[in-house]
Amino acid sequence: MSIDQSTAARVAKLARIKVEEDALPALAAEFNAILGFIEQLEEVDVEGVEPMTSVTPQRLKRRADVVTDGDQQDKVLANAPDAREGFFAVPKVVE
Amino acid sequence: MSELNKLGLAQARDALRKGDVTSVELTEACLKEIDGADALGAFVHKTPEIAMERAAAADVRIKAGDAPAMCGLPIGIKDLFCTKGVASQAASRILEGFRPEYESTVSQNLADAGAVMLGKLNMDEFAMGSSNETSVYGNVVNPWRRAGDDAALTPGGSSGGSASAVAADLCLAATGTDTGGSIRQPAAFTGTVGIKPTYGRCSRWGIVAFASSLDQAGPMTKTVRDSAIMLGAMCSHDPKDSTSADLPVPDFEAMLTGDIRGKKIGIPREYRMEGMPAEIEALWQSGTDMLRDAGAEIVDISLPHTKYALPAYYVIAPAEASSNLARYDGVRYGRRAAMAKGDGITEMYEKTRAEGFGPEVQRRVMIGTYVLSAGFYDAYYNRARKVRTLIKKDFEDVFAAGVDAILTPATPSAAFGLGEMTDADPVAMYLNDVFTVTVNLAGLPGIAVPAGVNGQGLPLGLQLIGRPWEEGDLLNTAYALEAAAGFVAKPEKWW
């Protein structure tokens, strides 16, 4: 699989990282080097093998479905780059 | 006592309890040393007020006869751990100004055990790197230098600040985290001890996430005994981390007998890599001889899927990172990019992430995005997870055959020069983790122990890999190896 510039641009878009047009060829080349390395995995016979979901076989713990936390609005907002009137502020989303 | 900063945890603990020294004295000695060591770039946020306050409180506890395991012992905390009210930015620009309103479980456990936090330690950005050259704070420098050469060397990564600080005696010990080798490789590069426990031993809550199925915290210390003491204080079951193990934490230090007679130590033939430097090969052989002389039985073993561990890791870790790092959007915390007139929310995200993430983090987030994208998920991500199952099975098979621990080199070389890998392809840097990454994929405990020096006087480490949840037994084998190797070299102070 070879990644061209338009694929690199699409991946950058999906990852929400701005990449300038002139940086795309180098980015595509790096992706290809890494993917070339990853492609060794094709040599492995994985027929009938289950993909790992948890490295330690364990059942996730359950707890009662009750509120155990909350009422910390000031702490939640304390690190926001822009917080107003008790909310996170962002640029206009809906026209 | 002179040069209190040079003590290890066990020595300082014993001196504190005997009343030979106070925590305030120990802490002052470390703070002074830290202030004189800016050239190493290890401590990036110093917290002297917190340190002195905790030291004074520890002295009161010790006097009252209430001294838990780490009481009064000054340590450094990797910047990846969230520490309440203290900058915690994972060495990334995107978390500039972030001061958590909460404390990570591991750093809280250490504080509860009486430990004194001296400050936050440098690292690779988001723990992605093997040389500590991807940090927003700048490089960390290894206190070790090649004989007769002033060139600055890497302390390894990603826990490079922790390794450098411990090796240079700026603190008695430090926390690290390990996703693919980030405790063990820097420990090997600096002549220190570092253990990554079994996945689930330490709570991940409050540690900035890189790859959640691989990340584990662990101690970085001057001796194996110190690792046993500190690991015990770090571990706990934590309802806030659903993968944290609800198992009792044994007294690891009490398990250090040094007696490994009859233990079966596996030597995996697949770790004998083509082009392995002779000094690494010789170190591995001498480590094998030491364990045999201590009464262990040495057996040749095979871990047939070893070769595929790194490529599987470089699918799984970036995939998880792309998902974990989606939270850095310039909305809830950290740094938001300046916007141009007319920019909407998408431009805000894209500019914030382009400015906030460094090149290696961007690369991994995008690779992760690609391998998870429609059409490639099966070919890359699912295949890598199947290979991971096979890698874990390799280990299960040798443990089922009676092997107690596995001995390998910790790294493919000694510490290299800062900047030496700048022009190399990213994959060349990834090869640093070739011996350590299998352990994360299989969720096993692994420890790096200093075992010798190379021809240029640089430390070299060996790795021992243990059975799941048997850190106590693993530490004991490491303790026997440490005693046999008798590594006592220290870097000459130039900073």
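Placed above this text is the structure.
The present account deals with the structure reproduced in this document. (Residues numbered from 1 in each chain as written. Chains lettered and ligands numbered in written order. Predicted model: local features only at pLDDT ≥ 70, side-chain atom pairs only at ≥ 80, totals over all residues. Heavy atoms only, no water.)

Notes on the overall build of chain A
Scanning chain A from N- to C-terminus turns up three helices and two strands. Start at the N end of chain A and walk to the C end: the helices and strands fall as α-α-α-β-β. Taken over the C-alpha atoms alone, chain A extends approximately 55 × 45 × 25 Å along its principal axes. When burial is assessed residue by residue, chain A has 31% of its 95 residues classed as buried. As presented, chain A carries roughly 6,800 Å² of accessible surface, and 50% of it is formed by carbon and sulfur atoms. For chain A, the distance from the average site of its 11 positive side-chain charges to the average site of its 18 negative ones is 11 Å. (Helix = DSSP H or I, 4+ residues; strand = E, 2+ residues; numbered from the N terminus. Buried < 20%, exposed > 50% of the residue type's maximum accessible area, 1.4 Å probe, protein only. Areas by Shrake-Rupley, 256 points an atom, 1.4 Å probe, with all protein chains shown as cover. Lys, Arg positive; Asp, Glu negative; His and termini not counted. Charge placed at Lys NZ, Arg CZ, Asp CG, Glu CD.)

With respect to the interface of chain A and chain B
Counting from both sides, the interface comprises 52 residues of chain A and, opposite them, 66 residues of chain B. Both faces considered, chain A and chain B share a buried interface measuring about 5,100 Å² in area, 70% of it formed by carbon and sulfur atoms. On the chain A side of the interface with chain B, the three residues burying the most area are Leu41, Met52 and Asn79 of chain A, jointly 14% of the side's total. Where chain A touches chain B, the interface holds four salt bridges. Here Lys307 of chain B and Glu43 of chain A are joined by a salt bridge, their closest N and O atoms 3.3 Å apart. Here chain A and chain B share 18 residue pairs in polar contact (both at pLDDT 80 or more) between them. Of all the secondary structure elements, the ones that give two or more residues to the side of chain A that touches chain B are helix H1 (5-14) and helix H2 (24-38) of chain A. If you tally residues by element for the side of chain A that touches chain B, the top one is H2 of chain A, at eight residues. Split into classes, the residues belonging to the side of chain A that touches chain B amount to 32 nonpolar, six polar and 14 charged. (Contact = heavy atoms within 4.5 Å. Buried area = accessible area lost by both parts, 1.4 Å probe. Salt bridge = Lys/Arg side-chain N within 4 Å of Asp/Glu carboxyl O. Polar contact = N/O pair within 3.5 Å; in protein donor to acceptor, adjacent residues only side chain to side chain. Nonpolar A, V, L, I, M, F, W, Y, C, P; charged D, E, K, R; others polar.)

So, empty space enclosed by the protein
All names here are of chain B. Overall, the coordinates contain three cavities of 30 Å³ or more when judged by the stated rule. Estimated volume of the largest cavity: approximately 60 Å³. Together, 13 residues line the largest cavity, and Ala127, Gly129, Ser182, Tyr313 and Asp433 are the ones closest to its centre. Residue composition of the lining of the largest cavity, grouped by class: four nonpolar, seven polar and two charged. (1 Å grid on protein atoms, 1.4 Å probe; cavity = no way out; pocket = protein on both sides within 12 Å on 5 of 7 lines; lining within 4 Å. Points joined across faces, edges and corners; volume = space filled by probe spheres on them.)

Here's the deal with the environment of Ala321 of chain B
Residues and elements named next belong to chain B. Its place among the elements puts Ala321 in helix H9 (residues 309-324). Of the residues examined, Ala321 reaches a relative accessible area of 0% and is grouped as buried. Taking the C-alpha atoms as reference points, Ala321 and Ile301, 20 residues apart in sequence, are found 33 Å from one another. Not counting residues up to four positions away in its chain, the partners in contact with Ala321 are Met128 and Phe210.

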